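Structural features, examined
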Amino acid sequence: MSSSISALERDRSSAGPRALIDPFARAITYLRVSVTDRCDFRCVYCMSEHMTFLPKADLLSLEELDRLCSAFIAKGVSKLRLTGGEPLVRRGIMTLVASLSRHLESGALKELTLTTNGSQLEKYAGELRAHGIERVNVSLDTLDPDKFRAITRWGDLAKVLAGIGAAQAAGLKVKINAVALKGVNEDEIERLLTWAHGRGMDLTVIEVMPLGDIDESRLDQYLPLSIVRARLAERFTLADIGYRTGGPARYVQVKETGGRLGFITPMTHNFCESCNRVRITCTGTLFMCLGQEDAADLRAPLRASEGNDLLYAAIDEAITRKPKGHDFVIDRRHKRPALARHMSVTGG
C-alpha cells in the first residue's frame, strides 16, 4: 500500500490531481456530502424515533469539510450537494456554503446545491441564494398537516411550506422529493403533483430504501413506483424525456400541468449503470455506493498532512473499489434492512 501511495504521489507532483474514473469507466463528477447526521425530524422511513447520533467530537470541522470537498473538485467533481441528516441544523453551515461558493466563482464547480426538509429554509433561503446556490430539493411527502406530523414525528407542515415560499421568493428553484409510502400517502401523489406543478416546482417520487432499523416494517411501507406511474397515467399524459439533473431520477413531462415528474426506483429498476456519484459522511467516510457497506476512511489522510497528496491517493484507491451496482432488497423472510446504516448517515 505504501509503495502504491508513493507512486501516486510522484504522479501527482508532475501531473496534478487525477480525474476520478471508476473500474467501469464511469466518470465521478457528483459528490454528496452529509454535513451532519442530526435532524430535527424523525421520518418513519429514515430514522428510529429514539436515534443515537454521533458525538460532535467525531465530526469533521467545517474547515475540514471544505478541504475535503475542494480535493474532490480538484479531481473533477463539478456538482456538489450538501445533505444531512438536515444540513441546515449544522452550526455555522453558512460559513461552509460561503467558502465553497468560491469554486462556483472560479468555474471549477458547476453547481452547489442542497437537500433539506425545509424546516430552516425560511431563515436561510436568502443567504443560500446569495452564496450562489440556485436550486434546492425539499423533502415533502404529504400536504396533510396531521399526516405530515405522523410521518415526520416532530415536523410542522406550516413551517416547511413557509420555507418553500421563502426559497422561491429568494429566487431559488425548488424541487419536491416525496417518498411513496404504501397506505400512507399513495392516495396523495396526484395532489402533490398538481400542487407542485401549480407552483412551478418539479416533483420526484422515490421508492422507500431498505436502510437502517427504523421501528417500522418496510414490507408495509414499500410501494413500487411502477404502480404509482400506472395510476397517474390514468389521469395524466406522461411522456418520457431526456431531462437529467445529475442524479438517478428519470423524468416524464406531464402534458396537463406542463411540469416534470421524476421517478427514483432503487428497488424496481436500479439506476446503477450510469452512476456518477459518491458520498462522504460528516466523519470523513467515503461510500462509493449507497447500497453497499464498503467504505474508505478519508479523515486519517486528511489529518495526516497539510498537503493533499495522501488524501488524493486515498480517494483514488477507494474509487478503484466502486462497485457496478447496489444490492438493495427488502428481506421478506427476516424483515431486516438491507444495510444497518441509516439513511441520515449518507443523506440518501
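Check the entry above for the structure.
Residues numbered from 1 in each chain as written. Predicted model: local features only at pLDDT ≥ 70, side-chain atom pairs only at ≥ 80, totals over all residues. Heavy atoms only, no water.

**Some words on the overall build of the protein**
Across its full length, the protein carries 12 helices and 12 strands. When burial is assessed residue by residue, the protein has 55% of its 348 residues classed as buried. Considering only contacts within the protein whose residues lie at least 6 apart along the sequence, 73% involve residues at least 24 apart. About 14800 Å² of surface is accessible on the protein, with carbon and sulfur atoms providing 50% of the total. (Helix = DSSP H or I, 4+ residues; strand = E, 2+ residues; numbered from the N terminus. Buried < 20%, exposed > 50% of the residue type's maximum accessible area, 1.4 Å probe, protein only. Contact = heavy atoms within 4.5 Å. Areas by Shrake-Rupley, 256 points an atom, 1.4 Å probe, with all protein chains shown as cover.)

**As for the pairing of strand 6 (residues 202–207)**
Most of strand 6 sits out of view: 6 of its 6 residues are buried. Taking every second residue as pointing to the same face, both faces of strand 6 are buried, with D202, T204 and I206 on one and L203, V205 and E207 on the other. Two strands pair when backbone bridges link them, and strand 5 (residues 173–180) and strand 6 are joined in this way by 6 bridges, in the parallel orientation. The residue bridging K175 from the neighbouring strand is D202, located in strand 6. The handedness of the strand 5 to strand 6 crossover, carried by helix 7 (residues 189–198), is right-handed. Note that strand 6 and strand 9 (residues 260–264) share 4 bridges and pair parallel. What sits directly across from I206, in strand 9, is I264. (Pairing = 2+ DSSP bridges. Right-handed = clockwise from strand over helix to strand, strands pointing away.)

**As for the sheet that holds strand 5**
In space, the 12 strands of this open sheet follow the order 7-8-9-6-5-4-3-2-1-10-11-12, with mixed pairing throughout. Sheet topology places strand 7 (238–240) and strand 12 (295–297) at the edges, where each strand pairs with a single neighbour. Direction aside, neighbouring strands of the sheet carry axes that sit 25 degrees apart on average. Packing against the sheet, helix 6 (residues 157–169) makes contact with strand 4 (135–139) and strand 5, and its axis sits at approximately 150 degrees to strand 5. Packed on one face of the sheet, helix 7 meets strand 5, strand 6, strand 8 (250–254) and strand 9 and runs near 150 degrees to strand 6. (Axes fitted to C-alpha atoms, helices over the stretch in contact; angles between N-to-C directions.)

**Focus on the pattern of salt bridges**
Tallying each qualifying case throughout the model produces 15 salt bridges. Across the salt bridge formed by E186 and R231, the nearest N and O atoms sit 2.6 Å from each other. Here E186, found in the loop between strand 5 and helix 7, pairs with R231, found in helix 9 (residues 225–233); they are 45 residues apart in sequence, far enough to count as distant. D240 is the salt-bridge partner of R229, the closest N and O atoms lying 3.2 Å from each other. Within this pair, whereas R229 is found in helix 9, its partner D240 is found in strand 7, the two being separated by 11 residues in sequence. Where salt bridges share partners, they join K147, D187, E188 and R191 into one cluster. (Salt bridge = Lys/Arg side-chain N within 4 Å of Asp/Glu carboxyl O.)

**As for the nonpolar core**
Side chains of a nonpolar character, in soluble globular proteins, are inclined to be buried together. Within the largest apolar cluster, 95 residues are counted, with the highest numbers of intra-cluster contacts made by F72 and I176. With residues up to four places along the chain from it excluded, the contact list for F72 reads L20, L31, V77, V278, I280, L286, L298 and I315. (Core = buried A, V, L, I, M, F, W, Y, C linked by side-chain atoms within 4.5 Å.)

**Regarding unusual backbone geometry**
Negative phi characterises most residues that are not glycine, and trans characterises most peptide bonds. Note that the residue after G84, namely G85, is joined by a cis bond; omega there is 15 degrees. For G85, the location among the structural elements is in the loop between strand 2 (79–83) and helix 3 (93–106). Here the phi dihedral of A25 falls at roughly 65 degrees; this positive angle occurs in a residue that is not glycine. Relative to the helices and strands, A25 resides in the loop between helix 1 (2–15) and strand 1 (30–34).

**Here's the deal with the pairing of strand 8**
Pairing between strand 7 and strand 8: 3 bridges, direction antiparallel. Each bridged residue has a counterpart across the sheet, and for A239 the counterpart in strand 8 is Q253. Two strands pair when backbone bridges link them, and strand 8 and strand 9 are joined in this way by 4 bridges, in the antiparallel orientation. Of the residues in strand 9, the one forming a bridge with Y251 is G262. Taking the residues between adjacent antiparallel strands as the criterion, strand 8 and strand 9 are bridged by 5 residues, where G258 takes a positive phi near 80 degrees.

**Considering helix 4 (residues 121–130)**
Three or more residues of helix 4 are buried, namely L121, Y124, A125 and L128. Take helix 4 and look down its axis: the buried residues cluster within an arc of 135 degrees, on one side only. Across from the buried face of helix 4, at angles greater than 90 degrees, the exposed residues are K123 and A130. After helix 4 finishes, the residue G132 shows a positive phi value of roughly 95 degrees. (Arc of directions from axis to C-beta.)

**A closer look at the side chain of D316**
Tracing the chain through its elements places D316 in helix 11 (residues 309–319). For D316, a relative accessible area of 8% translates into the label buried. Within the structure, the side chain of D316 is placed 2.8 Å from the side chain of K75, a separation counted as a polar contact. (Polar contact = N/O pair within 3.5 Å; in protein donor to acceptor, adjacent residues only side chain to side chain.)

**Points about the packing of aromatic side chains**
Overall, the coordinates contain 2 aromatic pairs when judged by the stated rule. Considering the side-chain rings of F41 and F148, the 5.8 Å spacing of their centres and the 85 degrees angle between planes classify their relative orientation as edge-to-face. Here F41 is found in the loop between strand 1 and helix 2 (62–74), whereas its partner F148 is found in helix 5 (residues 145–152), with 107 residues between them in sequence. Its relative accessible area of 3% is what places F148 among the buried residues. The ring of F236 carries R235 above its face, with NZ or CZ at 4.5 Å from the centroid. Just above the ring of Y243 sits the side chain of R260; from NZ or CZ to the centre is 3.7 Å. (Phe/Tyr/Trp six-rings, centres within 6.5 Å; stacked < 30°, edge-to-face > 60°. Lys NZ or Arg CZ within 6 Å of the ring centre and 35° of its normal.)

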